[in-house]
Amino acid sequence: MAGVQGAAAPGFGKGRGWGSQRPETASPTPRARANLKRMSTAFAPRAIDPDALKQLRDTDDAGRPCVPYIDPEGGDPLRCCLRAVRAGERIALVSYAPLRRWAAETGAEPGAYDEQGPVFIHADPCEGPEPAATREGYPHVKAGSLRTFRRYSAEGRIVGGRFLEIPEDTTAGFDEAFTEAFADPQVALVHVRAVEYGCFHFEVRRPR
Ligand SMILES: [Zn+2]
């Protein structure tokens with residue numbers, strides 16, 4: 001099993017690049033604790049949808065078979081449930097093409113802007129993210145971690161982006177970055193990625 005895990009997760013040591021080596025609620029400062037009370041977010045983070053997950057659990061977007069393994073430690077960000085892996089869960093690291101998947105729904109043609117990268121998912125059918133009503137802030141946030149907000153047009157082309165060092169008020173920081181992105185009428189969706197590894201975290205679409 002250890003060999004499988006090693007093969008499945010090259011270069012993705014715990015927390016490196018993911019900004020989540022500690023549980024997201026570990027040792028909050030008094031100010032961060034106060035911020036946790038602010039539950040609602042101005043924009044809706046989207047997990048990988050169930051149909052796509054079903055396919056990824058067979059063959060991923062790079063054409064590779066899914067290789068499940070038990071994660072003894074946990075901590076990495078799950079793109080299916082938008083929370084950290086819990087120790088002992090059965091997961092897989094698969095290649096996912098978020099823009100291609102979105103374009104298949106909308107009819108956009110991203111062409112050369114299409115790309116794919118590694119994401120962690122549960123290896124078996126799972127519950128999905130917590131409902132917005134009870135969710136606390138944005139997923140995979142930790143003050144001090146670095147993120148990019150990459151903006152795409154309705155045609156699937158990159159139309160700019162920005163860098164964010166997550167502030168202590170994590171929800172306010174993300175809200176502000178998305179508000180700024182959607183102030184540009186060209187922007188149809190935003191991908192949030194970790195800076196160091198470029199790993200895709202989640203997507204937000206223009207509110208209707
Ligand atoms: Zn899941």
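Residues numbered from 1 in each chain as written. Predicted model: local features only at pLDDT ≥ 70, side-chain atom pairs only at ≥ 80, totals over all residues.

Per an unreviewed UniProt entry, the chain is named DUF1203 domain-containing protein, and its organism is Streptomyces lasiicapitis.

**Here's the deal with the sheet that holds strand E2 (residues 89-96)**
Heads up, the rule is: Here, a strand pair is defined by DSSP locating no fewer than two bridges between the strands. Numbering of helices and strands runs from the N terminus; a helix is a DSSP stretch of H or I covering at least four residues, while a strand is a stretch of E covering at least two. Fitted lines through C-alpha atoms serve as axes, helices being fitted only where they are in contact, and the angles separating the N-to-C directions of these axes extend from 0 to 180 degrees.
Taken in spatial order, the 3 strands of this open sheet run E1-E2-E3, and their pairing is antiparallel. Pairing within the sheet leaves two strands with one partner each, and these edge strands are strand E1 (69-71) and strand E3 (117-122). Within the sheet, the average angular offset between the axes of one strand and its neighbour, ignoring direction, is 50 degrees. With 3 bridges joining them, E1 and E2 adopt antiparallel strand pairing. Counterpart to Asp71 in the pairing with E2 is Glu89.

**Section: the sheet that holds strand E6 (residues 187-194)**
Pairing is antiparallel across the open sheet formed by 4 strands, whose spatial order is E5-E4-E6-E7. In this open sheet, the two edge strands, each paired with only one partner strand, are strand E5 (158-165) and strand E7 (200-205). The average undirected angle you get between the axes of adjacent strands in this sheet is 20 degrees. In the sheet, E6 pairs with E7 via 5 bridges, with the strands oriented antiparallel. Residue pairing in the sheet places His191 in a bridge with Glu203 of E7.

**As for helix H5 (residues 170-182)**
Spacing of three or four residues puts side chains on the same side of an α-helix, whose turn is 3.6 residues. Quick reminder of the rule: Expected helix span is given by 1.5 Å per residue-to-residue step, counting one fewer step than there are residues. The exposure scheme places C-beta atoms from the backbone and then counts, for each residue, the other C-beta atoms within 10 Å of its own, assigning buried at 20 or more, exposed at 12 or fewer, and partly exposed in between. Arc definition: it is the arc formed by the directions from the helix axis to the C-beta atoms.
Look at H5: 19 Å from first C-alpha to last across 13 residues, which is about the 18 Å you get at 1.5 Å a residue. Residues of H5 that are buried: Thr170, Phe174, Ala177, Phe178, Ala181 and Phe182. All buried residues of H5 fall inside an arc of 125 degrees around its axis, so they share one side.

**Thoughts on the pairing of E5**
The pairing of strand E4 (residues 146-153) with E5 spans 6 bridges and is classified as antiparallel. Looking across to E5, one finds that Leu146 is bridged to Glu165. Counting the residues that bridge the hairpin from E4 to E5 gives 4 residues, and of these Gly156 lies at a positive phi of roughly 90 degrees.

**Some thoughts on the nonpolar core**
Put simply, the rule reads: Throughout this description, the term nonpolar core refers to a group of buried Ala, Val, Leu, Ile, Met, Phe, Trp, Tyr and Cys residues whose C-beta atoms join them within 7 Å. We call two residues in contact if the C-beta atoms placed from their backbones are at most 7 Å apart.
Leu78, Ile121 and Val190 are the most contacted members of the largest nonpolar core, which totals 40 residues. Broken down by secondary-structure element, the contributors of at least two residues to this core are helix H3 (50-56), E2, E3, E4, H5, E6 and E7. Every residue in contact with Ile121, bar those within four places of it in the chain, is listed here: Ile48, Leu53, Leu56, Leu78, Arg79, Cys80, Ile91, Ala92 and Val94.

**Here we look at the pairing of E7**
Across the 6 residues of E7, 5 count as buried, placing the element largely inside the fold. Connecting the antiparallel pair E6 and E7 is a turn made up of 5 residues, with Gly198 showing a positive phi of about 75 degrees.

**A word on the environment of Arg101**
Structurally, the position occupied by Arg101 is in helix H4 (residues 98-106). The class for Arg101 is partly exposed, based on 19 C-beta atoms found within 10 Å. For the pair Arg101 and Asp114, spaced 13 residues apart in the sequence, the C-alpha separation amounts to 9.6 Å.

**Some points on the environment of Glu115**
Along the chain, Glu115 falls in the loop between H4 and E3. Glu115 sits 17 residues away from Pro98 along the chain, and the two C-alpha atoms are 7.7 Å apart. Not counting residues up to four positions away in its chain, the partners in contact with Glu115 are Ala97 and Leu99.

**A few points about the environment of Pro77**
Within the element layout of this structure, Pro77 appears in the loop between E1 and E2. The spatial distance from the C-alpha of Pro77 to the C-alpha of Phe120 is 6.5 Å, given a sequence separation of 43 residues.

**Let's talk about the confidence of the model for the chain**
We apply this condition: Per-residue confidence from the prediction method is given by pLDDT, with values spanning 0 to 100.
Averaged over all residues, the pLDDT of the chain equals 86, while 81% of them reach at least 70. Taken as a whole, residues 32-37 scores under 50 in pLDDT and shows 9 contacts with residues more than four places along the chain or in a different chain.

**Describing unusual backbone geometry**
Its identity as a non-glycine residue notwithstanding, Leu82 has a phi of 55 degrees, on the positive side. The backbone of His140 shows a phi angle near 60 degrees, a positive value even though the residue is not glycine. Take His140: it is sitting in the loop between E3 and E4.

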